[in-house]
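Observations on the three-dimensional arrangement
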Amino acid sequence: MPSWLPESAEGLTELDGVLGLRPSLYTRYRDYVTRVWSPDVLDPVLTELVRLRIAGLLECGVEEAARSRAAVHAGLDEARIERVPYGSDDPVFTPAESACLLFAEQFVLAPESVTDEQRKQLAGLLGDRGLVGLAMVCAIFDGFDRFQVVLGAQDTDPDLPYPMLVHPPGPDPDAPPGPPVFDPADPIAASPLALQPDLLASFLRMYATLWWDGVVDHPSKEVARLRNARVTGCRYCRNVRFAQAREDGLGEDLVELIADGFEESALEERHKVVIRFADFFLGDPHGMGEERGAEVRDDLLAAYGPDGTVELAAGLALFMGFSKIAVTLGTVPHDFPTMVIPTPGG
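Read on for an overview of the structure. (Residues numbered from 1 in each chain as written. Predicted model: local features only at pLDDT ≥ 70, side-chain atom pairs only at ≥ 80, totals over all residues. Heavy atoms only, no water.)

**Section: the nonpolar core**
I140 and F147 are the most contacted members of the largest nonpolar core, which totals 90 residues. At 17 residues, the largest contribution of residues to this core is made by helix α15 (residues 291-329). Not counting residues up to four positions away in its chain, the partners in contact with I140 are Y29, Y32, V33, V36, M206 and L318. Residues V45, L49, L52 and V84 belong to the second largest nonpolar core, which totals eight residues. (Core = buried A, V, L, I, M, F, W, Y, C linked by side-chain atoms within 4.5 Å. Buried < 20%, exposed > 50% of the residue type's maximum accessible area, 1.4 Å probe, protein only. Helix = DSSP H or I, 4+ residues; strand = E, 2+ residues; numbered from the N terminus. Contact = heavy atoms within 4.5 Å.)

Structure (structure tokens):
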């Protein structure tokens, strides 16, 4: 389908404009994806297998030659590249490769189906740090493959932008040097994600940029985040409220309406549009390119403009990916109280 990314925006470079992200958020995104390829996160061969499998599951149209060049660069042989579409049961893969492919398949399709036994097996194969790295790798590829599909950017020229984002040009030049310092009271920093400190610090910078350096108001992004939490089943995400959205008018009475039946509720029409978009993103991203998604697309553009629409898609990519991390790693308590916390980066 044709892309409906913004054709131009103030301050965007050519590559940024193709991807559609504002420069500050693109820089943070590029930094994160660069760090994903570190062997300290996961063996790059496993990272590339996961990337290819997720792209196949989501039918994210990357030209085959470009895929193969990236895969060979990561250290994969042609036999395994050709068997990726057949999934985790194919005997060509090693036990670690099969386990990672199965985890990626579940991450995309049914994150709640990952079992304690699987997590134990993966920790034995990869170590606890490698298991966390695997989940964080799945999150960025699942989220931003969907980002490309809903915006119609998945069939772009194979030289731009996706292959460049596989091995992007480098980390954020403004990233602080040395080991990251986290607030021990921060529930994210106190989670198993801290086993990957550099990747977590990169995510937190990207997340703060999404919330504070954009064009979409906080309540609208919070509606998208909370709708995602209901769909993915992350109890932490579902029960947390970000303070700025609350201060800007998204009270608990409105939060309760972000549920089935929202169409007949008292939510603002623009927030209903965000929910419709979130449901496409999370359930059937290709549906945005069909007739039934056209109305949602037009309503989004009318309410938020091209830049705001791209920002909401990027937000959903992050909300979904990182809520699925909590679900697949089994890190959220069953009883988690509703609480208002500071907006990330605020």
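**Thoughts on the pattern of salt bridges**
Within this structure, the stated rule accounts for 24 salt bridges. Measuring nitrogen to oxygen at the nearest pair gives 2.8 Å for the salt bridge that ties E222 to R225. Remark: R225 and E222 occur in helix α10 (residues 218-232); sequence separation between them is three residues, near one turn of the helix. Residue E222 is classed as buried on the basis of its relative accessible area, which comes to 2%. Under the relative-accessibility criterion, R225 is labelled buried at 4%. Of the charged contacts in the structure, one is a salt bridge between R241 and E252, with a shortest N-O distance of 2.9 Å. Of this pair, R241 sits in strand β1 (residues 240-242) while E252 is found in helix α13 (residues 252-255), placing the two residues 11 residues apart along the sequence. Assessed through its relative accessible area of 26%, E252 is described here as partly exposed. What emerges from the salt-bridge pattern is a single network uniting D31, R35 and R205. (Salt bridge = Lys/Arg side-chain N within 4 Å of Asp/Glu carboxyl O.)

**Quick notes on unusual backbone geometry**
Of note, the phi angle at E59 is positive, near 50°, even though the residue is not glycine. Within the fold, E59 resides in the loop between α3 (44-57) and α4 (64-74). Judged by its relative accessible area of 56%, E59 falls in the exposed class.

**Brief notes about the state of the cysteines**
Per the stated rule, a full pass over the model turns up zero disulfides. Looking at the unpaired C237, the closest cysteine sulfur is the one in C234, lying at 3.0 Å. On the basis of relative accessibility, which here comes to 14%, the residue C237 falls in the buried class. (Disulfide = S-S within 2.5 Å.)

**Things to note about helix α2 (residues 23-36)**
For α2, which comprises 14 residues, the first-to-last C-alpha distance of 20 Å matches the rise-based estimate of 20 Å (1.5 Å per residue) to within 8%. For α2, a buried count of 10 out of 14 residues is recorded, marking the element as mostly surrounded by other parts of the structure. (Expected span 1.5 Å × (residues − 1).)

Interpretation note: all reported values are geometric properties and have no functional meaning in isolation.
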